[in-house]
Every structure is written in C-alpha cells, then in structure tokens.
Amino acid sequence: MSVATPQDKPVKVRKAAPKKGRKRKGRKRKEPIQVTAELLGLIPLFSGLDEALRTRLASRCEHVELERGEHLFDGAPVGDDDDSPVYLVTFGDVAVQRTDIRGEEATANYLTVGDPYVQKLFADDQTAKLTLTAMCPVKALKLGYRDVNFLLKKVPGFRDRFSAVIRRVTQRQKARFDDRFQQDVARFLVKERLTFAGRVKLKRMDICIECDGCYDACKARHGTDRLGPSEVKYGLTEIPQNCHNCVVPECIDKCKFGHITRHPETREIVIADNCTGCTMCSKGCSFGSIRMHPVDTLDLAKYFPDRDPEHKGKQIAQKCDNCTGYADQACITACPVGAMFQVDGRELFDYWQQFKVHETPGFDEVETPEGTPHGHRLAWMIFTLINTLVLTWECFGRLYFPTLTFGHLFFVLGLSANPIDPLAPFKAGDFFSHGMGYIGGTMMLATQLYRLRKWTGGSQKWMELHIWTGVLAGIYGFYHTAFVFTEPIAITTFIMMAVAILTGGIGRWLVFQIPRSQAGQLLALDDIDGRIQQINREVEKQFTDAKAGYTALVRIEELSKAREVEAALESLAAPSAEDDEPKGFFAGVMQLFRENRKAEEAIDALTAKLGDSMREGAAKAIAELLREKARLERSMKRHAFMTRVLRRYRVVHITTSYIAYGALVVHIIHSLIFHVGNN
C-alpha cells in the first residue's frame, strides 16, 4: 500500500462489511465536489481570506468524501513535512490510530468538524504508522503542507484561527488520550463511535436491581420496545441499544419517503406514524437502534393515532425519540435506584468517571447527572439514627435512670396509666410496647407505598422510602418485643420481618459487589490478552529466520485453539447451553471444580508441546500467561454463577415480606382478641 502524498488521492481500504440485504453491485461513486472560493468562504478557518487568495487555494485543494470504515490516510508518516498532507474535517468524525515501532496500535485522538489533521501532532520518533478512519460519513478538504505553511506566515488572521483549532485538538489529546486515568475510557468511546452522538443513555450495573422497570415503562408508553439490551459496556457501565440521535445520522437519508426527520424544536430524530416499513432506515443504522414491528401486532389507535387508516404498510419502524411530546423519559423515571441516566453527547467525555465506578468503593462516590436522592438518603439516615438512640436510651434509662425516661414523663403528663415498675421495667403489652408495635406496624405497611411509583413518578424517592421504612420497622419491631420472646405468633412475625430486611439489605450488597468484581476481572482479562500478543511478538524476534518465527506463532495459535484447550478454557468464559438449565447450587460448584482441573491439564499439555519448538523459557512464559488467563476466566465463571444465584434474592425477599405481612395481620388479630377477652 502506497503512502499518501499531497499529489495522490486519499488512500482507501476495504470498507466495513455491508449489512445483510444491501446490494453493492453496480454502486456508483458520487462525482467529487469541486472546491471553489465560495466553498472555502463558508468554512470559518478560511473565511477571513480575500477572494483572490481563496481562489488560488481552491485550485490546490481536493474535496474528499468517505463512508464509514474508509481511511482518510493509512500509512507510514511522510518523512518531509513539506510533503505531508493536511486534512480539514468539514463533516463527520475521524478516528486517529497510531502504531508504534513495536507494532502496538492505540487510539491517539479523534477529529471532528473544524479539526485539522497535521502529521506532526500525532507522529513522533516511535511512530511507524498512522491511520485515519471515518467513524461515520465524512467530508474533508485535503491541502498541501506548503500551502498551509504559506498562509501561516503571510496571513496573521489565518494563523490565529489555525492556532486556536490546533490547541483544541492538542488539549483534547492531552486531557483525554494521554491522561492515564481517562485514556482507556476515551479510547473506548472512540472505538464505539460515540463521539458524534447527540445523546447517550447509560446504565450503572452496580446499582441496577434488574427489575426491568425501564423496559416495561418504555413499552407501556410507546407500545413497542424502543430500549434494547446492552449494546456495549465498559466495566460496570452499560450502554443500552438505543438511538443516539447522531449528529451525523445514517438513517435520515435512507428513508426515501421523508418519514424520518428532525423535530423542529427538540432536534430529535423522529419517525412518522405513516412509516411504510421499507426497512431501509433499520438497515442503515449502524447501531441497530431502529427495529421493525409488524403492524398487526400493534394497537395503532392508541400508540399511532396519526397513522392513515388506508395505509398499506405491513411494518413500522420504531426507535427512541427521547419521549418527544412527554414531560419526562419513561425509562429514566421508572428506574427506582437511579441506575439509568442520560448524557449529552458533547459532554460524554466529561463524565468519564461514570465508566470507572468499578474502581470506587461505594455507591455514591460517583453521582449520576440525573441526581439520585442523596439528600433524602442523608435525612433518612439521620432520622433513623436519632430514633435508634432515643429508643436505646429509653431502654437503658428504665434500668438505671427511670425518672429520666419518656415512660416516666408520659405518666407524669397523664398519658400513661401506670408508672415504671423498677422490678419489671419492660412488660409485653404495656404502653411502651404497644406504642412501638403501632409505629413498627405502620412502618411495615408504609413499605408498600413503593407500589405508588407507577402512578406518581419519582421512583427513586419511593425506593428510598421503601428501604428506610423497612429498616425503621425492624427497629421498632425489636423494641416492641419488650425483650420477651415467648409468644409464638409475635416471634414468628418479628423473625420473618428480620429475614425480609436482611435479604433485602445483604442480598443487595452482594449483587452490588459481585458485578463490581466481575468488571475488574473482565478488564484484567483484556490486559492479559494484550500481554499474550506482546509475548508472541517477542518470541517471533527470537528466531533468526523470520519464516521459522512465523511458523512458531502459527503453532502457538493452533495449540491454544486445540480441542482440549478450547473445551477447558472457552467454556469458562461463556456459559454453554447447558448452563441455562436449572442446576442446584452444589452441582454448579462441582462443575466449577471439574473445569478448573481440565484447564490445568490442558495448559500442562500445551507447555509440553511448546517445549521443543522454541528457545528455552519462551514456552513457559506463554504457558504462565495462559494459566493466568484461565484463572481470570474461572473467576469470571464463578462470578457469573454467583450472579445467577444471587439474582434470585428478590424472590426470597418478596416471599418473606409477604409472610411477614401475613404474620403481622394474625398477630394484630390475636392481640386484639386477647386484649378484648381480658377486659
């Protein structure tokens, strides 16, 4: 492949694989746009040049149009700066990949509208190759370095504007791609082509309780599933399959009937009810965010009121339009824990901490833009603490300082019929015990107010109420016993209530911890893969004959994919079809042990086979890396197994809660009968 020069046309490579159903035969390339002085005058960078200079420059410029996946430049850096091309992006986004002399490739930056590509910004002595890839349809101007250098020297206004855009690119690179805290996240965002997203929905799996409320709310409002499963994820942050309202949309131009447009006020991409169902927009969306739905499965009168009754289309395209026409977004409003939120695409890089939540120790270390009710949570914590301290003082005070208790105060005020008996300060059924029972029972019933979230909104606040009223119910229930554990119905009620609270609290904490650990293991596994590739390159260099080195690497690849290794290692990384069948806990544990033994045997066999084919120590190093990789995969397998087990904690929590409510009703009825019968 030749290196691009100012005189050559941009280097092109094979495009991304076409989507199924799209015919590429006979496709004609558009005629290139002629660069004119008027065209340059519309670009801010050249707007200050006089017409004569723009005319001269236009004759030396080339207009370049690329489709997603094509390369604007792909090759080794040009030795002489005077021969290096300069590109100015006028439409779309371009990923900049840099390959060093060791063969390691990394995302160096990205270019968006108004950004120039100048080789010296990205190339240094260690750079072997630069690749500029279109992340979406792209338009750019190709200029010669000599022409740009001439303008920098002769036109002060151009120099100032050019310097400003260069600073913008270099600051982005320094702050995002060179910063060791942010670079992995920045590279992920470029890899997933999210730089030109108008908006992005994110889901934090460390606090998600997998209630599916977001999906249910979306379907209830729109009649179709506009929110899909995880598109991609980084650590504990998932990006659901959802329309990103792209700044450079690929869907609008695909619709030949004009049924996909931007809303005049919100600028959201919306699909008209009269969609013909031709599927071209669905095939054109590279994020898979547009789904086709058979018309006969939909309630057209309710969800598509503007559709022409005489319309003959058998399908209709649907996508997220950010709940255009509604005051809120159904999926975000329905989330009871604030796990789902939305970020403006232009600000996505500023929220890089969201992608690092697996590295923070607690729930609230990283706050979401939507704002979880942290203030309410603090108020609940203080209120619960005050209640606990007051009740604890009342108990100790009755033993040691009876005249300083609320029980004595209530007797003095005439609110209690009997004074505190120093010989029996606690009595089941006295004013104190009954009062705690009334309050505790009320708190238990208040936990069910959480069900009102579907009609009142504010799911997060209702969830906070559910949690803290449950905790308070346990505290008041404990003091309601008056430390007398003899009455079977009362004790059963208290025990079931305690179990419900523990399953809700401990189970939630475990489901929080396991995904967090699993995310860390997954990222570590990616590092191991990179280390294996590095070892392979080092092994290849150890052979004087390049062909022998290549043959050895092929042998490594064959051995690592051998049946015994594949069966032992790959089965650990992804659940098989058998894993979907219900298994007992102990059966699952035994399976993990068996897979562990098989993996060790396979790695030992691999070490033996590599021993004679390479220099001493190389095979052992690779085997150790495979062993470490297998350990991480086994750890991920254990995490996946425990996640499936703990995901069912909600069933236990809900079941014990209902039993506790039933026992509470029986306890109240029994107490009333007993009280009435003794009076």
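Provided above is the structure to which this section pertains.
Residues numbered from 1 in each chain as written. Predicted model: local features only at pLDDT ≥ 70, side-chain atom pairs only at ≥ 80, totals over all residues. Heavy atoms only, no water.

Colleague: Could you clarify how one ought to interpret the sheet that holds strand β1 (residues 62-66) in this entry?
Modeller: Think of a sheet as strands paired side by side through backbone hydrogen bonds, with each pair either parallel or antiparallel. Read across the open sheet, the four strands follow the order β1-β8-β3-β6; overall the sheet is antiparallel. A strand with exactly one partner marks an edge of an open sheet, and here the two such strands are β1 and β6 (116-118). Averaged over all pairs of adjacent strands, the angle between their axes in this sheet comes to 25 degrees, without regard to strand direction. Where strand β3 (residues 85-91) and strand β8 (residues 138-144) come together, six bridges link them in antiparallel fashion. When the bridges of β8 are listed, Pro85 appears paired with Gly144. (Pairing = 2+ DSSP bridges. Helix = DSSP H or I, 4+ residues; strand = E, 2+ residues; numbered from the N terminus. Axes fitted to C-alpha atoms, helices over the stretch in contact; angles between N-to-C directions.)

Colleague: Please clarify how helix α13 (residues 431-446) should be interpreted in this entry.
Modeller: Look at α13: 22 Å from first C-alpha to last across 16 residues, which is about the 22 Å you get at 1.5 Å a residue. Turning to α13, its buried residues are Phe432, Ser433, Met436, Gly440, Gly441, Met443, Met444 and Ala446. (Expected span 1.5 Å × (residues − 1). Buried < 20%, exposed > 50% of the residue type's maximum accessible area, 1.4 Å probe, protein only.)

Colleague: Can you walk me through the packing of α13 against helix α15 (residues 459-480) in this structure?
Modeller: Helix packing for two helices is described by the angle between their axes and how far apart those axes are. For the pair α13 and α15, the least separation of the axes is 8 Å and the interaxial angle reads 160 degrees. Between α13 and α15, the interaxial angle falls into the category roughly antiparallel. Pair α13 / α15 crosses with left-handed handedness. Where α13 abuts α15, its residues Phe432, Ser433, His434, Met436, Gly437, Ile439, Gly440, Met443, Met444 and Ala446 lie against Leu465, Thr469, Leu472, Ala473, Tyr476, Tyr479 and His480. Class assignment for the residues of the contact of α13 with α15 results in eleven nonpolar, six polar and no charged. (Parallel < 35°, antiparallel > 145°, perpendicular 65-115°, else oblique. Left-handed = near helix turned anticlockwise from the far one by under 90°. Contact = heavy atoms within 4.5 Å. Nonpolar A, V, L, I, M, F, W, Y, C, P; charged D, E, K, R; others polar.)

Colleague: What is the right way to read the pattern of salt bridges from this model?
Modeller: Any two side chains of opposite charge can pair, on the condition that their charged atoms come close. Summed over the entire model, instances satisfying the criterion amount to 13 salt bridges. With a shortest N-O distance of 2.8 Å, Asp147 and Arg60 are connected by a salt bridge. One end of the pair, Asp147, is in helix α4 (residues 145-154); the other, Arg60, is in the loop between α2 (51-58) and β1, and 87 residues separate them in sequence. Among the residues examined, Asp147 registers a relative accessible area of 14% and is labelled buried. For the salt bridge of Lys129 with Asp74, the shortest nitrogen-to-oxygen distance reads 3.4 Å. (Salt bridge = Lys/Arg side-chain N within 4 Å of Asp/Glu carboxyl O.)

Colleague: Looking at this model, I keep getting lost on empty space enclosed by the protein. Mind explaining?
Modeller: One way to see where empty space is left: roll a probe the size of a water molecule over the atoms. Within the structure shown, the criterion is met by five cavities of 30 Å³ or more. Here the largest cavity defines a volume of roughly 120 Å³. Every residue lining the largest cavity is counted, 15 residues in all, and those nearest its centre are Cys243, Cys246, Cys251, Cys285 and Phe287. Its residues assigned to classes, the lining of the largest cavity shows eight nonpolar, five polar and two charged. Around the second largest cavity sit Lys201, Cys218, His222, Arg226, Leu227, Asn242, Cys320, Asn322, Cys323, Gln329, Ala330 and Cys331, which together line it. Secondary-structure elements contributing two or more residues to the lining of the second largest cavity are α7 (213-222) and α10 (330-334). Residues that form the lining of the second largest cavity fall into these classes: six nonpolar, four polar and two charged. (1 Å grid on protein atoms, 1.4 Å probe; cavity = no way out; pocket = protein on both sides within 12 Å on 5 of 7 lines; lining within 4 Å. Points joined across faces, edges and corners; volume = space filled by probe spheres on them.)

Colleague: Which parts of the structure should I look at to understand the pairing of strand β4 (residues 94-100)?
Modeller: Along a regular strand, successive side chains alternate from one face of the sheet to the other. Of all the seven residues making up β4, six are buried; the element is thus mostly covered by neighbouring parts of the structure. Of the strand pairs in this sheet, β4 and strand β5 (residues 105-111) are connected by six bridges, and their pairing is antiparallel. Counterpart to Gln97 in the pairing with β5 is Thr107. Here β4 hands over to β5 after four residues, with Gly103 in that stretch at a positive phi of 90 degrees.

Colleague: What am I meant to see in the side chain of Thr493 here?
Modeller: Mapping Thr493 onto the fold places it in helix α16 (residues 488-541). Residue class for Thr493 comes out buried when judged on its relative accessible area of 5%. Once you skip the residues sitting within four places of it in the chain, Thr493 turns out to touch Ala660, Ala663, Leu664 and His667.

Colleague: I tried to follow α4 on my own but got confused; where do I start?
Modeller: Three or four residues apart is the spacing at which side chains of an α-helix point the same way, because the helix has 3.6 residues per turn. Buried within α4 are the following residues: Tyr145, Asp147, Val148 and Leu151. Angularly, the buried residues of α4 cover 165 degrees about the axis, an arc narrow enough to put them on a single face. Along α4, the residues that are exposed and aim more than 90 degrees away from the buried face are Lys153 and Lys154. Looking at the buried residues of α4, the elements they touch are α2, β3, β6, α3 (119-122), β8 and α5 (156-177). (Arc of directions from axis to C-beta.)

Colleague: When you look at the nonpolar core in this model, what are you seeing that I'm missing?
Modeller: The tendency in soluble globular proteins is for nonpolar side chains to be buried side by side. Within the largest apolar cluster, 41 residues are counted, with the highest numbers of intra-cluster contacts made by Leu189, Leu202, Leu348 and Phe355. Breaking this core down by element, the ones donating at least two residues are α6 (183-191), β9 (199-204), β10 (230-234), β13 (269-271), β15 (315-318) and β16 (340-344). It is α6 that provides the largest number of residues to this core, a total of five residues. Residue contacts for Leu348: discarding those within four places in its chain leaves Leu189, Leu194, Val200, Leu202, Val343 and Phe355. Ranked by size, the runner-up nonpolar core spans 23 residues in total, among them Leu40, Ala58, Val86 and Leu143. (Core = buried A, V, L, I, M, F, W, Y, C linked by side-chain atoms within 4.5 Å.)

Colleague: Please clarify how the environment of Gln354 should be interpreted in this entry.
Modeller: Along the chain, the position of Gln354 falls in the loop between β16 and α11 (374-400). C-alpha of Gln354 to C-alpha of Arg204: the two residues are 150 residues apart in sequence and 7.9 Å apart in space.

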